[in-house]
Amino acid sequence: MTAAKSPDEGLAAVLHVLRDAADAVSGEHLATRLGLSRAAVWKRVHRLKAQGYVIEGSPRRGYRLLAVPDKLLPEEVLQGLETRVFTGPVHYFETLDSTNDLAKALAAQGAPEGTVVVAETQTRGRGRLGREWDSPPAAGLYVSLVLRPMLPPMELPQITLTTAVAVVRAVRRVAGLAPRIKWPNDLLLNGKKLGGILTEMETESDRIRHVVVGLGLNVNNPGFALDLAATATSLALAAGRTFFRVHLLQAWLEEFEELYNRFLHQGFAGILEEWKGFTETLGKMVTVRQGPREISGLALDVAPDGALLLRVANGEIVRVTSGEITPGSGAEPGV
Ligand code: BTN
């Protein structure tokens, strides 16, 4: 006697056959090809429809896949993904408190490099500096990636900057829009916040045990609540059309894998040059807030390790490794 298969087992296989078929596929063909009963095929088609796949079914001709949903389902993320290491597993949730929190828990249990956690909405999405990350359902990309670089903890800022470069590349490729980066890793479009990156790590003695890179990107948000409307934007607002979020996720994973490998094997210098080409911070007067402390000066450069170099009023060069930047005022110091 064979054990009964759960309705989710074979879902990807049914989808795979439908996706590959040029025309409708009969229930009988699907059943024989996948070793299922006709009723089991019907159940799986039903499940796929419930997930948002548009499948036409006709008693004479069979089933035809007409449209896929804009959901970050693992089958969709992995379909045609051109990565070698970041290949999942993809943990998918309709609702989750925070993809970073789950990715951290999975990493602590030994999840491999390339593990992805995505959610359609987050109930406790977290931003940098203890802020909330607004995560309305199906509007944005809320994704976290597990990394296991053999690096000392002090190299973490470089991973964060690398992540931001990958986001800019992905958005340019998929949406044809060119976000700017505000140091260290805020993504801006037309001066408003489009996305952000939250990088968290676990260390042991003098090396990184694992890193979780969390990306929040406003994609199809039609607008924002009053408290955010003046400062936030989305790709849809900027472009006047919506985007398939899964295409952005795939592009980000592909670009990040290429950059991350380059960083590990050839160092950070080339990536930093690219980052500098995308930033809007350098050459401006800025104020950096670090809790109660504020430092103002001219954003001169970013050091090879990712620190921001500020020329302050007395002409001294100050290194800043964390904090929140706002536009500064006053004359350029030392000129
Ligand atoms: C920032 O403050 O700019 C960083 C925002 C990072 C938000 C993302 S959404 C996916 C991941 N899960 C979280 O809880 N936060 C990050």
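Note that the structure is a prediction, hence the values are computed from the model and not measured.

(A) Local environment of helix 3 (residues 38-50). Taking 1.5 Å as the rise per residue, helix 3 with 13 residues should run 18 Å; its terminal C-alpha atoms sit 19 Å apart, in good agreement. Listing the buried residues of helix 3 in full gives Ala40, Val41, Arg44, Val45 and Leu48. The arc that holds every buried residue of helix 3, seen down its axis, measures 140 degrees, which confines them to one face. Residues of helix 3 that are exposed and point over 90 degrees away from its buried face: Ala39 and Ala50. Buried positions along helix 3 lie against helix 1 (11-20), helix 2 (27-34), strand 1 (54-58) and strand 2 (62-67). Positive phi shows up at Gly52, right after helix 3, with a value of about 115 degrees.

(B) Quick look at the sheet that holds strand 7 (residues 186-189). In spatial order, the strands read 3-4-5-9-8-7-6; together these seven strands make up an open sheet with mixed pairing. Whereas interior strands pair on both sides, the edge strands pair on one side only; in this sheet they are strand 3 (90-96) and strand 6 (180-182). Ignoring strand direction, the axes of neighbouring strands in this sheet form an average angle of 20 degrees. Pairing geometry for strand 8 (residues 192-204) and strand 9 (residues 207-218), over ten bridges, is antiparallel. Bridge assignment links Glu204 to a residue of strand 9, and that residue is Arg207. Lying on the sheet, helix 5 (residues 99-108) is in contact with strand 3, strand 4 (116-122), strand 5 (140-147), strand 8 and strand 9; it crosses strand 9 at an angle near 155 degrees.

(C) Spatial organisation of the layout of surface pockets. Approximately 930 Å³ is the volume attributed to the largest pocket. Surrounding the largest pocket, 46 residues form its lining, Arg131, Trp133, Asp186, Lys193 and Glu324 being those nearest its centre. Elements that contribute at least two residues to the lining of the largest pocket include exactly helix 5, strand 5, strand 7, strand 8, strand 9, helix 7 (226-229), strand 10 (285-290) and strand 14 (324-327). The element contributing the most residues to the lining of the largest pocket is strand 8, with five residues.

(D) Highlighting the site of the ligand. Taken together, 20 residues lie around the ligand, and Ser98, Gln122, Arg126, Arg128 and Lys193 are the ones closest in. Within the contact set of the ligand, an oxygen atom lies 2.8 Å away from a side-chain nitrogen or oxygen of Ser98. Note that a nitrogen atom of the ligand is positioned 3.4 Å from one of the backbone N or O atoms of Asn100. Surface burial for the ligand is 99%, taken as the share of its 420 Å² of free accessible area covered by protein chains. Here the ligand is seated within the largest pocket. Among the elements that take part in the shell around the ligand, strand 8 stands out by supplying four residues, more than any other. In the shell around the ligand, the residues fall into six nonpolar, ten polar and four charged.

(E) Representation of the packing of helix 6 (residues 156-175) against helix 9 (residues 245-266) within the structure. Axis separation between helix 6 and helix 9 bottoms out at 8 Å; the angle between their running directions is 135 degrees. With respect to helix 9, the element helix 6 is oriented oblique. Helix-helix and strand crossings are classified by hand; for helix 6 and helix 9 the assignment is right-handed. Taken together, the residues of helix 9 that come into contact with helix 6 (itself represented by Gln158, Ile159, Thr162, Thr163, Val165, Ala166, Val167, Arg169, Ala170, Val171, Arg173 and Val174) are His247, Leu248, Ala251, Trp252, Glu254, Glu255, Phe256, Glu258, Leu259, Tyr260, Arg262 and Phe263. Of the residues in the contact of helix 6 with helix 9, the class split is 14 nonpolar, four polar and six charged.

Rules used in this analysis
Residues numbered from 1 in each chain as written. Predicted model: local features only at pLDDT ≥ 70, side-chain atom pairs only at ≥ 80, totals over all residues. Heavy atoms only, no water. Helix = DSSP H or I, 4+ residues; strand = E, 2+ residues; numbered from the N terminus. Expected span 1.5 Å × (residues − 1). Buried < 20%, exposed > 50% of the residue type's maximum accessible area, 1.4 Å probe, protein only. Arc of directions from axis to C-beta. Contact = heavy atoms within 4.5 Å. Pairing = 2+ DSSP bridges. Axes fitted to C-alpha atoms, helices over the stretch in contact; angles between N-to-C directions. 1 Å grid on protein atoms, 1.4 Å probe; cavity = no way out; pocket = protein on both sides within 12 Å on 5 of 7 lines; lining within 4 Å. Points joined across faces, edges and corners; volume = space filled by probe spheres on them. Near = heavy atom within 4 Å. Polar contact = N/O pair within 3.5 Å; in protein donor to acceptor, adjacent residues only side chain to side chain. Areas by Shrake-Rupley, 256 points an atom, 1.4 Å probe, with all protein chains shown as cover. Sits in = over half its atoms within 2 Å of the grid points. Nonpolar A, V, L, I, M, F, W, Y, C, P; charged D, E, K, R; others polar. Parallel < 35°, antiparallel > 145°, perpendicular 65-115°, else oblique. Left-handed = near helix turned anticlockwise from the far one by under 90°.

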